[in-house]
Amino acid sequence: MLKFLKQVSDYAKESFQAAKYIGQGLSVTFDHMSRRPVTVQYPYEKLIPSERYRGRIHFEFDKCISCEVCVRVCPINLPVVDWEFNKEQKKKKLNHYSIDFGVCIFCGNCVEYCPTNCLSMTEEYELSAYDRHELNYDNVALGRLPEKVTLDPMVTPMRELAYLPKGVNDPHDLPKGAQRAGQRPEQILEQLEREKGDRDDAASDAEKN
Ligand code: SF4
Ligand code: SF4
């Protein structure tokens, strides 16, 4: 009889423990249900790169003077500047220019030191290719302007994952039904326009007084 009672008591204890652990697990699940999403549904949603993002390099062929400063300052001497000396004009003539983005570390040295500013870093970060040789961009590919995330009609651009409104420090404080932590780019532009309008109104009122 005692053995049977002990078995019942052990069973009750284990059931209680199991219920406790299930409750703990579900509390985490329910807590996440009330949180806002932190994932980006790529490629339908894309983050807008920051202003100083160091993405694919853009090159302006006409501005290049073939000085090769970009090669000397590059930690891996990467840019290939193919030029010849034009004896009549007594000037270097650029034939081809290329950068291999399969090797480039996007440090930005070449952009920083180019004397004619013909190099710039763009916001383009989608450089995947099936063949690594396709990453060796010639001057034509380097001269292509980047595709802006904000101008792609197939994409919902997102400014930041956790761009919280002023005064809100915790995503849980945001009103229910708000889609994400942060405003969409068009909302930010609208807000900036509104603020600018308010400032202009205030300035004109001050002038009248
Ligand atoms: S970004 Fe850096 S690694 Fe890439 S080409 Fe320029 S200097 Fe070289
Ligand atoms: S530093 Fe600028 S101007 Fe000189 S070769 Fe490189 S890209 Fe051309």
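Residues numbered from 1 in each chain as written. Chains lettered and ligands numbered in written order. Predicted model: local features only at pLDDT ≥ 70, side-chain atom pairs only at ≥ 80, totals over all residues. Heavy atoms only, no water.

**Quick notes on the site of ligand 2**
Thought 1: Neighbouring residues of ligand 2: 14 residues in total, closest Cys64, Cys67, Glu68, Cys70 and Cys114.
Thought 2: The residue inventory of the shell around ligand 2, partitioned by class, reads 11 nonpolar, two polar and one charged. (Near = heavy atom within 4 Å. Nonpolar A, V, L, I, M, F, W, Y, C, P; charged D, E, K, R; others polar.)

**Quick notes on the site of ligand 1**
Thought 1: Taken together, Ile57, Cys74, Pro75, Cys104, Ile105, Phe106, Cys107, Gly108, Asn109 and Cys110 make up the full set of residues adjacent to ligand 1.
Thought 2: Here the residues of the shell around ligand 1 sort into eight nonpolar, two polar and no charged.

**Considerations on the pairing of strand β4 (residues 91-100)**
Thought 1: The sheet contact formed by strand β3 (residues 80-86) and β4 spans seven bridges and is antiparallel. Pairing of Val80 across the sheet is with Ser98, part of β4.
Thought 2: Between the end of β3 and the start of β4, which pair antiparallel, lie four residues, with Lys90 showing a positive phi angle near 55°.
Thought 3: In terms of strand pairing, β4 meets strand β6 (residues 136-137) through two bridges, oriented antiparallel. From the neighbouring strand, Ile99 faces β6, where its bridge partner is Tyr137. (Pairing = 2+ DSSP bridges. Helix = DSSP H or I, 4+ residues; strand = E, 2+ residues; numbered from the N terminus.)

**A closer look at unusual backbone geometry**
Among all residues save glycine, negative phi is the norm, and among peptide bonds the norm is trans.
Thought 1: Omega for the peptide link from Tyr42 to Pro43 comes to 10°, which places this bond in the cis form.
Thought 2: Along the chain, Pro43 falls in the loop between α1 (2-33) and β1 (45-47).
Thought 3: One non-glycine residue, Glu68, adopts positive backbone phi at about 70°.
Thought 4: With respect to the helices and strands, Glu68 occurs in the loop between β2 (57-59) and α2 (69-73).
Thought 5: Among the residues examined, Glu68 registers a relative accessible area of 25% and is labelled partly exposed.
Thought 6: We note that Asn117 has phi near 55°; this positive angle belongs to a residue other than glycine.
Thought 7: Structurally, Asn117 is set in the loop between α3 (109-113) and β5 (119-121). (Buried < 20%, exposed > 50% of the residue type's maximum accessible area, 1.4 Å probe, protein only.)

**Remarks on the confidence of the model for the protein**
Thought 1: Scored by pLDDT, the protein comes out at a mean of 85, with 84% of its residues at no less than 70.
Thought 2: When the elements of the protein are averaged for pLDDT, strand β7 (residues 156-158) gives the smallest value, 77, and β2 the largest, 97. (pLDDT = per-residue confidence, 0-100.)

**What about the nonpolar core?**
Thought 1: By size, the foremost hydrophobic cluster in this structure holds 24 residues, and its most contacted members are Ile57, Phe59, Tyr97, Ile99, Phe101 and Leu119.
Thought 2: Those elements that provide at least two residues to this core are β2, α2, β4, α3 and β5.
Thought 3: Among the elements that make up this core, the one with the highest residue count is β4 (three residues).
Thought 4: Residues contacting Phe59, with those up to four places away along its chain left out, are Cys64, Leu94, Tyr97, Cys118, Leu119, Asn139, Leu142 and Gly143. (Core = buried A, V, L, I, M, F, W, Y, C linked by side-chain atoms within 4.5 Å. Contact = heavy atoms within 4.5 Å.)

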